[in-house]
Amino acid sequence: MSTETSAQTLSFLRRGQPVTLRHVAPERTLLEVLREDLHCTGTKEGCGEGDCGACTVVLGEAVDGKLECKAINSCIRLAHSVEGLAVWTAEDLAAPAGELHPAQEAMVQCHGSQCGFCTPGFVMSLFGMYQNSDGGKGITRARAQVDLSGNLCRCTGYRPILDAAQQMGGLPLPAGCGVDEAATVAALQALNRQKPAEGAAYLRPTALTPLLQLRAAHPQAQVVAGCTDVGLWVTKLHKRFGQVLDVTAARELRRVETYPHHIAIGAAVPLSEAYAALASERPQLQTFAQRFAGLPVRNSGTLGGNVANGSPIGDSMPLLIALGASVVLMRWDAGRGRVAHRELRLEDLYTGYRTNVMKPDELLCWIKVPRPQAGEFMRVYKISKRFDDDISAVCLAIRMVVEGGVVKEVSIGAGGVAATPARARQTEAALRGQPWNADTVMAAVAALRAEFQPISDMRASAAYRHTVLGNLLQRFWLESQGLQHINLDTLNAATLEALA
């Protein structure tokens, strides 16, 4: 366990008032602080992995004078990452006189709870929806399914909970239940964020240059972003960190910037915002974006963290490889007194299983994604046991430009079939310059299956992955020829009836 000298003070806003806790160790999770220090036992501990949603809480942050609310998993979120933010738990919603918040009342009226263990997490996800939809107005069934995809219920069934999501906007808001956004923003702005001294246990600088300087000074520190993987090291592997460097407060890295030929996504941009930016350029990515974990994970995790993590089953990397993305690595050059950087293709970042070319004093700061070009046909396929909130067995992303019936450009990213996310260069070579027809596709299928030697694990056998790889390329061919009913985006009752 961390010693008291390696811990430091944590301050955040709760119920409109500052809360200050002393001697909070750098690896303590927000859930531990809530349950053990503040005795908020309404927030439950379930899987400890960010999968079940029983621990869901809502964070609030003042951004450009407005209050932004996000549901997150407190079980894998490091406590110090909420420094200077507002935190809501299930205990904070009801009015002082006992009247329930509409998110709670709707669950009661719709019979959305049986055993009740998952209920606080569902209520907090509903509360997040309520805050982000003008008091629960206009929530569709589809929106509710997406926003609740990170919450698991084992006994009630989801229909009454989805009903509650749609009905809470029509319920009255009792006095004392509402969030005074202006007052909360003012309180957040007045809350003094602690400025840890050099050598503090948890470092969270608010600008890029100090961040890089701290990285140079503390190359041994554990770098974190949304903690959606590092949090598992704490809860499952019981790891302890002498020092943590958090990139998420650096304002420069929290932006998505648009240029004529590319967009640049900062390493601290949450996955929900990063995928929204990608889908705004390529709407066909929307369903894939919603299948990247549940919303609380996407609200915490960052695109930069997912890429730097380098998991062979990380969903972002095959997509970004197919899109021709590059990464910008930065470091503090003390000798010259300035920031230095280098840029490389994303697929060239990795050297092996969860290893990369980054130097001890470097950080991955930006991901540059080329904008769509005329004639581009792009698809990304995720194969997993569950549709929502699951890890891929195989992920394949393909981007192609065909001119005059000939493949002019093609890029293919694959995940789950090698020790690293990989680019299918041999398959690209088999396609480039060839007529886009069934014979070319069959040759490319053989090349794709020969290019990778996947392993068997709990998610899929090697033979299954081998077969699916080729099948997905065939599916891409069929969709490029206009066959759309095989795509889940267009699969509905009318489509099934037409096929019957």
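Residues numbered from 1 in each chain as written. Predicted model: local features only at pLDDT ≥ 70, side-chain atom pairs only at ≥ 80, totals over all residues. Heavy atoms only, no water.

**Q** What exactly am I supposed to notice about the overall build of the protein here?
**A** Scanning the protein from N- to C-terminus turns up 17 helices and 19 strands. The C-alpha radius of gyration of the protein comes to 24 Å, within 12% of the 23 Å expected for a compact globule of 500 residues. Considering only C-alpha atoms, the protein reaches an extent of 70 × 65 × 40 Å along its principal axes. Within the protein, buried positions represent 55% of all 500 residues. Of the contacts formed within the protein by residues at least 6 apart in sequence, a portion of 65% connects residues at least 24 apart. Accessible surface for the protein amounts to roughly 21,000 Å². Of this, 53% is attributable to carbon and sulfur atoms. Once the 49 positive and 48 negative side-chain charges of the protein are each reduced to a mean point, those two points are 3 Å apart. (Helix = DSSP H or I, 4+ residues; strand = E, 2+ residues; numbered from the N terminus. Rg over C-alpha atoms; globule rule 2.2 N^0.38 Å. Buried < 20%, exposed > 50% of the residue type's maximum accessible area, 1.4 Å probe, protein only. Contact = heavy atoms within 4.5 Å. Areas by Shrake-Rupley, 256 points an atom, 1.4 Å probe, with all protein chains shown as cover. Lys, Arg positive; Asp, Glu negative; His and termini not counted. Charge placed at Lys NZ, Arg CZ, Asp CG, Glu CD.)

**Q** I tried to follow helix 16 (residues 462-480) on my own but got confused; where do I start?
**A** The α-helix advances 3.6 residues per turn, and as a result positions three or four apart in sequence lie on the same side. Compared with the 27 Å implied by 1.5 Å per residue over 19 residues, the 28 Å span of helix 16 between its first and last C-alpha is a close match. Along helix 16, the residues that are buried comprise R465, V468, L469, G470, L472, L473, F476, W477 and E479. Residues of helix 16 that are buried make contact with strand 16 (376-383), strand 17 (394-403), helix 14 (425-431) and helix 15 (438-451). Once helix 16 finishes, G482 follows within two positions and takes phi at roughly 100°, a positive value. (Expected span 1.5 Å × (residues − 1).)

**Q** Would you mind showing me how to read the layout of surface pockets here?
**A** Rolled over the atoms, a probe with the dimensions of a water molecule shows which regions are left empty. Here the second largest pocket is characterised by a volume of approximately 720 Å³. Forming the boundary of the second largest pocket are 27 residues, of which E61, V63, E68, T248 and R254 lie nearest the centre. Among the elements of the structure, strand 3 (56-63), strand 4 (66-73) and helix 11 (295-300) are those that each provide at least two residues to the lining of the second largest pocket. A per-element tally of the lining of the second largest pocket places strand 3 first, with four residues. Partitioning the lining of the second largest pocket into residue classes produces nine nonpolar, seven polar and eleven charged. (1 Å grid on protein atoms, 1.4 Å probe; cavity = no way out; pocket = protein on both sides within 12 Å on 5 of 7 lines; lining within 4 Å. Points joined across faces, edges and corners; volume = space filled by probe spheres on them. Nonpolar A, V, L, I, M, F, W, Y, C, P; charged D, E, K, R; others polar.)

**Q** What should I look at first to understand the nonpolar core in this one?
**A** Soluble globular proteins: nonpolar side chains tend toward being buried together. Residues L278, V307, L319, L320, V327, I367 and V369 are the most contacted members of the largest nonpolar core, which totals 37 residues. If we ignore the near neighbours within four places in the chain, the residues touching L319 are Y275, L278, L285, F288, M378, V380 and A397. Among the nonpolar cores identified, the runner-up in size contains 34 residues, and M107, I139, C153 and L188 belong to it. (Core = buried A, V, L, I, M, F, W, Y, C linked by side-chain atoms within 4.5 Å.)

**Q** Help me understand the sheet that holds strand 10 (residues 262-266), please; the structure alone is not making it clear to me.
**A** Whether parallel or antiparallel, the strands of a sheet pair through hydrogen bonds between backbone atoms. Taken in spatial order, the five strands of this open sheet run 9-10-15-11-12, and their pairing is antiparallel. Edge strands, defined here as strands with exactly one partner in the open sheet, are strand 9 (256-258) and strand 12 (338-345). The mean angle between the axes of side-by-side strands here comes to 25°, regardless of whether they run parallel or antiparallel. In this structure, strand 9 lies alongside strand 10, joined through three bridges in antiparallel fashion. Paired with T258 across the bridge in strand 10 is I263. The strands touched by helix 7 (residues 208-217) within the sheet are strand 11 (326-333), strand 12 and strand 15 (363-370), with strand 11 carrying the most contacts at an inclination of about 70°. In the packing of helix 9 (residues 271-281) onto the sheet, the strands contacted are strand 9, strand 10 and strand 15, and the crossing angle to strand 10 comes to about 170°. (Pairing = 2+ DSSP bridges. Axes fitted to C-alpha atoms, helices over the stretch in contact; angles between N-to-C directions.)

**Q** Could you clarify how one ought to interpret the sheet that holds strand 6 (residues 202-203) in this entry?
**A** Spatially, three strands are ordered 6-8-7 in an open sheet, and the strand pairing comes out parallel. With one partner strand each, in any of the chains shown, strand 6 and strand 7 (222-224) form the two edges of the open sheet. Here strand 6 pairs with strand 8 (residues 244-246) via two bridges, running parallel. Among the inter-strand pairings, Y202 is bridged to a residue of strand 8, identified as V244. Lying on the sheet, helix 7 is in contact with strand 6, strand 7 and strand 8; it crosses strand 8 at an angle near 160°.

**Q** Looking at this structure, I do not really get the side chain of T89. What am I missing?
**A** Mapping T89 onto the fold places it in the loop between strand 5 (86-88) and helix 2 (102-109). Accessibility expressed as a relative area gives 0% for T89, which makes it buried. Only 3.2 Å separates the side chain of T89 from the side chain of R14, close enough to count as a polar contact. Dropping the residues within four chain positions of it, T89 is found in contact with R14, L34, C40, T43, V57 and M124. (Polar contact = N/O pair within 3.5 Å; in protein donor to acceptor, adjacent residues only side chain to side chain.)

**Q** Even after reading the chapter, I still don't get the environment of K368, so can you show me in this structure?
**A** Mapping K368 onto the fold places it in strand 15. For the pair K368 and V327, spaced 41 residues apart in sequence, the C-alpha to C-alpha distance is 6.1 Å. Leave out the neighbours within four places in its chain, and K368 touches H262, I263, A264, A325, S326, V328 and E343. A polar side-chain atom of K368 sits 3.1 Å from a polar atom in the side chain of E343.

**Q** How should the state of the cysteines be read in this particular structure?
**A** As used here, a disulfide is simply a covalent bond connecting the sulfur atoms of two cysteines. Considering all chains together, one arrives at zero disulfides under this definition. No disulfide involves C365; its nearest neighbouring cysteine sulfur is the one of C227, lying 17 Å away. (Disulfide = S-S within 2.5 Å.)

**Q** Whenever I open this one, the pairing of strand 10 confuses me. Can you help?
**A** The side chains of a regular strand alternate between both faces of the sheet. The buried count for strand 10 comes to five of five residues, which makes it a mostly enclosed element. Across the two faces of strand 10 the burial is the same, with H262, A264 and G266 and I263 and I265 all buried. The antiparallel pairing of strand 9 with strand 10 creates a hairpin that spans three residues between the two strands. Where strand 10 and strand 15 come together, five bridges link them in antiparallel fashion.

**Q** In this structure, what is going on with the packing of aromatic side chains? I would like to understand it.
**A** The way to describe two aromatic rings as a pair is by their centre distance and the angle between their planes. Enumeration according to the criterion identifies seven aromatic pairs in this entry. Ring geometry for W436 against F476: centres 6.0 Å apart, planes inclined by 65°, an arrangement best described as edge-to-face. Highlighted residues: W436 in the loop between helix 14 and helix 15 and F476 in helix 16, separated in sequence by 40 residues. Judged by its relative accessible area of 11%, W436 is buried. Ring centres 5.3 Å apart and planes at 80° place the aromatic pair W436 and W477 in the edge-to-face group. (Phe/Tyr/Trp six-rings, centres within 6.5 Å; stacked < 30°, edge-to-face > 60°.)

**Q** Would you explain the pattern of salt bridges in this entry?
**A** Pairs may arise between side chains of opposite charge once their charged atoms sit close together. What the rule picks out here adds up to 34 salt bridges. Across the pair R204 and D246 runs a salt bridge whose closest N-O atoms are separated by 3.5 Å. Taken together, the residues R204 in the loop between strand 6 and helix 7 and D246 in strand 8 connect sequence positions 42 residues apart. There is no split in this pair, since R204 and D246 are both buried. Here R399 and E409 are joined by a salt bridge, their closest N and O atoms 3.4 Å apart. Residue R399 is found in strand 17, and its partner E409 is found in strand 18 (residues 406-415); the two are separated by ten residues along the sequence. (Salt bridge = Lys/Arg side-chain N within 4 Å of Asp/Glu carboxyl O.)

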